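Fold and geometry: a report
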Amino acid sequence: MSALIDVILPVFLVIGFGYAAARAGLFGESAVDGVMRFAQNFAVPCLLFASISRLDLAAHFDLGLLFAFYAGAFSCFGLGYFGSRLLFDRPVQDSVAIGFACLFSNTLLLGLPITERAYGPDALASNFAIISVHSPLLYAFGITVMELVRSRGLGHSAPKLARQVGLAILSQPLVIGISAGIFVNLTGLPLPGSVWSAVEMMMRAALPTALFGLGGVLYRYRPEGDMKAIAMVCALSLVVHPAITYGLGRWVVGLDVAQMRSAVITGAMAPGVNAYLFANMYGVAKRVTASAVLLATGACIVTTWVWLQILP
């Protein structure tokens, strides 16, 4: 119970503060959009840039770690896609968006602060290794699958499809921050102390600002209809993904304690707001993804506590 109070509750209190402010009319939609734009387009990319540029990639970029986490993620995409098609008879494009919601964990706004509060800042190296490929890999996969589905009716050529996918991925601010961090890490490019001081100021604003803004975003998305599909997304995200990661990490690839903690806790996070943004970008399954983000984020309070008890 102390883990629930000391580790998880503060994170959700900040989210709840943003939610309450939006509900009371003190945090309007334009303000929410501005805060989230600042967090996701500027502050969080600075956090990723600084963390990855200083990360010992040789020590922490472990293929077993990535396999355990992403095997769980892609398995949940497949289960979400086929569950949507076979159980709920959703259209193909809806099913891709629902599968993407099962695939895309909130690694940044929930995974980082909960891992840090549970195990300390030194435990985040494996989180950053996972995050370093998270947005590029999953956006590349999701956009490619959706564009392939849509191209059946649009007649896109392979080069045009490749350009469209590449531009969509490389224009993501998170991907830009990650790529810049990897470049500085690998080249050893020296940056002036004043630049690092400015980046660190942005870093300190990233997580609290993003969590507060996330509360305002979640206020918009009331659960509506499609409850069986929403429940499937929540179950796959909060239970199945971390369970697969735990099993693979413990019995197949033999992750150490720190890696297991980062991989399982990150895998146990609710779908990120990007799951809704992906659905909104294509105009499909918006109600299911928005409601799943809201309900799964709330359910994280309980399910994450359970995973913290299971982990060493």
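Residues numbered from 1 in each chain as written. Predicted model: local features only at pLDDT ≥ 70, side-chain atom pairs only at ≥ 80, totals over all residues. Heavy atoms only, no water.

**A word on helix H12 (residues 257-267)**
The criterion, for reference: Between buried and exposed lies partly exposed: a residue is buried under 20% and exposed over 50% of the maximum accessible area for its type, with that area taken using a 1.4 Å probe on protein chains only. By definition, any uninterrupted DSSP run of H or I lasting at least four residues is a helix, any uninterrupted run of E lasting at least two residues is a strand, and each is numbered from the N terminus.
Burial analysis of H12 places 8 of its 11 residues in the buried class, the great majority of the element. Listing the buried residues of H12 in full gives Gln259, Met260, Ser262, Ala263, Val264, Ile265, Thr266 and Gly267.

**Thoughts on the packing of helix H5 (residues 92-103) against helix H11 (residues 227-251)**
As a reminder, the rule being used: In this description, a line fitted to the C-alpha atoms serves as the axis of each element, helices being fitted only across the stretch in contact, and the angle between N-to-C directions of two axes falls anywhere from 0 to 180 degrees. Note: crossing handedness is left-handed where the near helix turns anticlockwise from the far helix by less than a right angle, and right-handed where it turns clockwise. Note on definitions: a residue-residue contact is assigned when non-hydrogen atoms from the two residues lie within 4.5 Å. Throughout, the ten residues Ala, Val, Leu, Ile, Met, Phe, Trp, Tyr, Cys and Pro are labelled nonpolar, Asp, Glu, Lys and Arg are labelled charged, and all others, Gly among them, are labelled polar.
Taken N-terminus to C-terminus, the directions of H5 and H11 make an angle of 30 degrees; their axes are 8 Å apart at the nearest point. When the axes of H5 and H11 are compared, the crossing they make is right-handed. Contacts between H5 and H11 pair Ile98, Ala101 and Cys102 from the former with Met232, Val233, Leu236 and Ser237 from the latter. Taken together, the residues that form the contact of H5 with H11 break down as 6 nonpolar, 1 polar and no charged.

**A short note on the side chain of Ser126**
Residue position: Ser126 is located in helix H7 (residues 125-154). A relative accessible area of 6% means that Ser126 is categorised as buried. Discounting chain neighbours no more than four positions away, the residues touching Ser126 are Leu65, Gln259 and Ser262.

**Side note on helix H9 (residues 173-187)**
Given 3.6 residues to a turn, an α-helix orients residues that are three or four positions apart in the same direction. Quick note on the threshold: Between the first and last residue of a helix there are one fewer steps than residues, each counted as 1.5 Å, and that sum is the expected span.
The end-to-end C-alpha distance of H9 is 21 Å, a good match for the 21 Å that 15 residues give at a rise of 1.5 Å each. Those residues of H9 not exposed but buried are Leu174, Val175, Gly177, Ile178, Gly181, Val184 and Asn185.

**As for the environment of Ile176**
When you line up the elements, Ile176 lands in helix H9. Separated by 101 residues in sequence, Ile176 and Leu277 place their C-alpha atoms 18 Å apart. Apart from the residues lying within four places of it in its own chain, the contact partners of Ile176 are Leu170 and Ser171.

**Digging into unusual backbone geometry**
The residue Asp89 is not glycine, and still its phi comes out positive at about 55 degrees. Among the structural elements, Asp89 can be located in the loop between helix H4 (63-86) and H5. Owing to a relative accessible area of 63%, Asp89 belongs among the exposed residues under this scheme. One non-glycine residue with positive phi stands out, namely Ala285, at about 50 degrees. Taking relative accessible area as the criterion, Ala285 reaches 8% and is therefore assigned buried.

**A closer look at the packing of aromatic side chains**
Rules: A pair of aromatic rings is counted whenever rings of Phe, Tyr or Trp (Trp by its six-membered ring) have centres within 6.5 Å, and the orientation is called stacked for planes under 30 degrees apart, edge-to-face for over 60 and tilted otherwise. In this analysis the charged atom, NZ for Lys or CZ for Arg, is taken to sit over a ring once it is within 6 Å of the ring centre and within 35 degrees of the ring normal.
Enumeration according to the criterion identifies 16 aromatic pairs in this entry. On the basis of an interplanar angle of 80 degrees and a centroid distance of 5.9 Å, the ring pair of Tyr246 and Trp251 is categorised as edge-to-face. Judged by relative accessible area, which is 63%, Trp251 ranks as exposed. Cluster of aromatic residues (ring-pair linked, three or more members): Phe74, Phe77, Tyr81, Phe82 and Phe141. A cation over a ring is seen here: Arg54 above Trp196, with NZ or CZ 4.3 Å from the ring centre.

**Observations concerning the side chain of Gln259**
If you trace the backbone, Gln259 turns up in helix H12. With a relative accessible area of 10%, Gln259 lands in the buried category.

**Examining the packing of helix H13 (residues 273-282) against helix H14 (residues 286-310)**
Heads up, the condition is: Roughly parallel covers angles under 35 degrees, roughly antiparallel covers those over 145, roughly perpendicular covers 65 to 115, and oblique covers all other angles.
Taken N-terminus to C-terminus, the directions of H13 and H14 make an angle of 170 degrees; their axes are 8 Å apart at the nearest point. Our classification of the angle between H13 and H14 gives roughly antiparallel. Counting all contacts with H13, which are made through Val273, Ala275, Tyr276, Ala279 and Asn280, the residues of H14 involved are Lys286, Thr289, Ala290 and Val293. When grouped by side-chain class, the residues that make up the contact of H13 with H14 number 6 nonpolar, 2 polar and 1 charged.

**Side note on the environment of His134**
Its place among the elements puts His134 in helix H7. Given the relative accessible area of 1%, His134 is considered buried. Distance from His134 to Leu66, taken between C-alpha atoms, is 9.7 Å for residues 68 residues apart in sequence. In this view, His134 contacts Phe69, Tyr70, Phe104, Ser105, Thr107 and Tyr139; residues no more than four positions away in its chain are not counted.

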